[in-house]
Amino acid sequence: MRPLLTLCAFLLGGLLLTSCDSQSDEDCEVFQTCDVDDTLSLTLLERSAQPPANVSVLFKVDTDDNRPVAGLRASSFDLYENENRVSNFEADLQILPKTGQFQYSIVLLLDLSGSIVRSESLELLREAAQRFVQALLYQPDEPQYGEIEMGVWWFDGQAQISPLVEFTIRPDSLENGVATITADLPADPSTNLYGAIVQGASLAEQRVLSRRSRDVITAGSLVLFTDGTDQANRTSRSAALRAVEGTGADLSVFTIGLGGEIDTTTLESVGRDGFASASNLDELVPKFQEIADLVRDEANSYYLLEYCSPKRGGENELTLRANNGASVGLLTTTFSATDFTPGCSVVTPVVAEGS
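Cut-offs and rules
- Residues numbered from 1 in each chain as written.
- Predicted model: local features only at pLDDT ≥ 70, side-chain atom pairs only at ≥ 80, totals over all residues.
- Heavy atoms only, no water.
- Pairing = 2+ DSSP bridges.
- Helix = DSSP H or I, 4+ residues; strand = E, 2+ residues; numbered from the N terminus.
- Axes fitted to C-alpha atoms, helices over the stretch in contact; angles between N-to-C directions.
- Polar contact = N/O pair within 3.5 Å; in protein donor to acceptor, adjacent residues only side chain to side chain.
- Contact = heavy atoms within 4.5 Å.
- Expected span 1.5 Å × (residues − 1).
- Buried < 20%, exposed > 50% of the residue type's maximum accessible area, 1.4 Å probe, protein only.
- Core = buried A, V, L, I, M, F, W, Y, C linked by side-chain atoms within 4.5 Å.
- Arc of directions from axis to C-beta.

Undergrad: Before we go on, may I ask you to explain the sheet that holds strand 4 (residues 54-63) in this structure?
TA: Within a sheet, adjacent strands bond to each other through the backbone by hydrogen bonds, running parallel or antiparallel. On the basis of which strands lie adjacent, the open sheet formed by four strands has the order 3-4-14-7 and antiparallel pairing. Of all strands in the sheet, those with a lone pairing partner are strand 3 (40-50) and strand 7 (94-96), marking the two edges. This sheet shows a mean twist of 30° between the axes of neighbouring strands, independent of strand direction. In this sheet, strand 14 (residues 302-308) lies alongside strand 4 in antiparallel orientation, the contact comprising seven bridges.

Undergrad: Mind showing me how you'd approach the side chain of Ser56 here?
TA: Note on placement: Ser56 falls in strand 4. Polar contacts involving the side chain of Ser56 include one to the side chain of Ser48, which spans 2.7 Å. When neighbours within four sequence positions are excluded, Ser56 is seen to be in contact with Glu46, Arg47, Ser48, Leu304, Leu305 and Glu306.

Undergrad: I would appreciate a short explanation of helix 5 (residues 193-212) in the present structure.
TA: Helical geometry note: an α-helix holds 3.6 residues per turn, so side chains three or four residues apart project in the same direction. An ideal rise of 1.5 Å per residue puts 28 Å on 20 residues; helix 5 measures up with 29 Å between its terminal C-alpha atoms. All of the buried residues in helix 5 are Leu193, Tyr194, Gly195, Ala196, Ile197, Gln199, Gly200, Ala201, Ala204, Arg207, Val208 and Arg211. At the N-terminal end of helix 5, a side-chain oxygen is found 3.3 Å from the backbone nitrogen of Gly195, two or three residues along, and the residue is Asn192.

Undergrad: Explanation requested: the nonpolar core in the structure shown.
TA: Side chains that are nonpolar tend, in soluble globular proteins, to be buried together. Counting residues in each nonpolar core, the largest one holds 51 residues, and the members touching the most others are Phe132 and Phe288. Top element by residues in this core is helix 3 (residues 121-136). It accounts for eight residues. Those residues in contact with Phe288 that lie beyond four places of it in its chain are Leu108, Leu110, Leu125, Ala128, Ala129, Phe132, Phe225 and Ile256. One finds Ala53, Val55, Ala91 and Phe335 within the second-largest nonpolar core, a separate group that totals 25 residues.

Undergrad: For this particular structure, what's the right way to read the sheet that holds strand 8 (residues 102-111)?
TA: Spatially, 10-9-8-11-12-13 is the arrangement adopted by the six strands of the open sheet, whose pairing is mixed. At either margin of the open sheet sits one strand with a lone partner, and together these are strand 10 (162-168) and strand 13 (274-278). In this sheet, neighbouring strand axes are inclined to one another by 10° on average, regardless of whether the strands run parallel or antiparallel. Note that strand 8 and strand 9 (residues 148-155) share eight bridges and pair parallel. Residue pairing for strand 9: Asp111 is matched across the bridge by Phe155. Across the sheet, helix 8 (residues 284-299) lies against strand 8, strand 9, strand 11 (217-226), strand 12 (251-258) and strand 13, angled at about 170° from strand 13, the strand it touches most.

Undergrad: Teacher, can you tell me more about the side chain of Gln103 here?
TA: Structurally, the position occupied by Gln103 is in strand 8. A distance of 3.1 Å separates the side chain of Gln103 from the backbone oxygen of Gly146, its partner in a polar contact. Here the side chain of Gln103 touches Glu147 through a polar contact of 3.4 Å, landing on its backbone oxygen. Among residues more than four places away in sequence, those in contact with Gln103 are Gly146, Glu147, Ile148, Glu149, Ile169, Arg211, Val216, Ile217, Thr218 and Ala219.

Undergrad: Would you take a moment to explain helix 8 for this structure?
TA: For helix 8, spanning 16 residues, the distance from its first C-alpha to its last is 23 Å, which sits close to the expected 22 Å at 1.5 Å a residue. Taken as a whole, helix 8 has its buried residues at Leu284, Val285, Phe288, Ile291, Ala292, Val295, Glu298 and Ala299. The buried residues of helix 8 all sit within an arc of 135° when viewed along its axis, so they share a single face.

Undergrad: How do you make sense of unusual backbone geometry when you look at a structure like this?
TA: Generally, phi is negative for residues other than glycine and the peptide bonds are trans, each holding for most cases. Each neighbour pair has its own omega, and for Pro51 with Pro52 the value is 5°, a cis peptide bond. Here the phi dihedral of Asn82 falls at roughly 50°; this positive angle occurs in a residue that is not glycine. The exposure class of Asn82 is partly exposed, given its relative accessible area of 34%. A positive phi angle, near 60°, is found at Asn233, a position not held by glycine. Within the secondary structure layout, Asn233 lies in the loop between strand 11 and helix 6 (237-245).

Undergrad: I'm lost on the pairing of strand 16 (residues 327-336) in this one. Help?
TA: Here is the key point about a regular strand: its side chains alternate between the two faces of the sheet. Counting buried positions along strand 16 gives eight out of ten residues, so the element sits mostly inside the fold. The pairing of strand 15 (residues 315-323) with strand 16 spans nine bridges and is classified as antiparallel. Looking at strand 16, one finds that Arg321 is bridged to Leu330. Taken together, strand 15 and the strand that follows it, strand 16, pair antiparallel across an intervening segment of three residues, in which Gly325 is found at a positive phi of about 95°.

Here it is, written out as structure tokens:
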């Protein structure tokens, strides 16, 4: 994902972001801006405060070179109110599933041109795509179920990309849909790669925007697989690159190439957040897994933190200090504790089944 914040200290309205290297922690005060190379960037997406005393913050964590930071736990964060540290026991600090407030949408776009469907590549592509689904979507019995949705589309030489499975949070629906890919599915053996890139980028971005219009914080990824170059000549290479460049910072783009006939330069440019090249069929499934790991980290670099504030009134400053063991980052915002009372508890939200 492209950088949202690139400075060590950035002031925007009520949001102050500072960060410092954990190795220089002894020399770096908690609320001091430090001029160092290795930092965490915390980006505030949403925060709320409501009685009895619940405060929640939805935010994203990246490294200073804009790589997503996944896997942080509540113990990775220190909490300060008005520059005074709040005890984790007093605050009941938890990292919660984001379902209902956050949606990550993935478009998987598969090349089904003649070179794929008329070869042994097809069976391995089905396996790789199913493994991709398994690596990314949560199962119904997992608390994060519903946070990530995926849809699968394919392209050949035709002018338009074709849907295989519409967006869903159900991994079984996606796996069953991928299993229906057969050699007689495509109608044109050519490869409309550039056109697919343009349409795939538009599809992914529109999904992110449409979900956001329903008061949900959204982000997403486009993941494209191909084993060749554009042959259809329906769309120019420059148009494909412009389509990707024109998408927002909340959309990541990854590419996977198979074989020696791929246009590596183009796929690297399109896959601005990750490109994996499989030189032969034996590498295809592992390369899909490699990109799945990147996408999963991107989706899981968004956090919903909730705690019970001990404040009982007034406007208050909240500072969140993250430490991943190598770097430290700070995020500061404000909240009102008006009408706050005892009796607060942090309850994991009920997951909606969704589509």
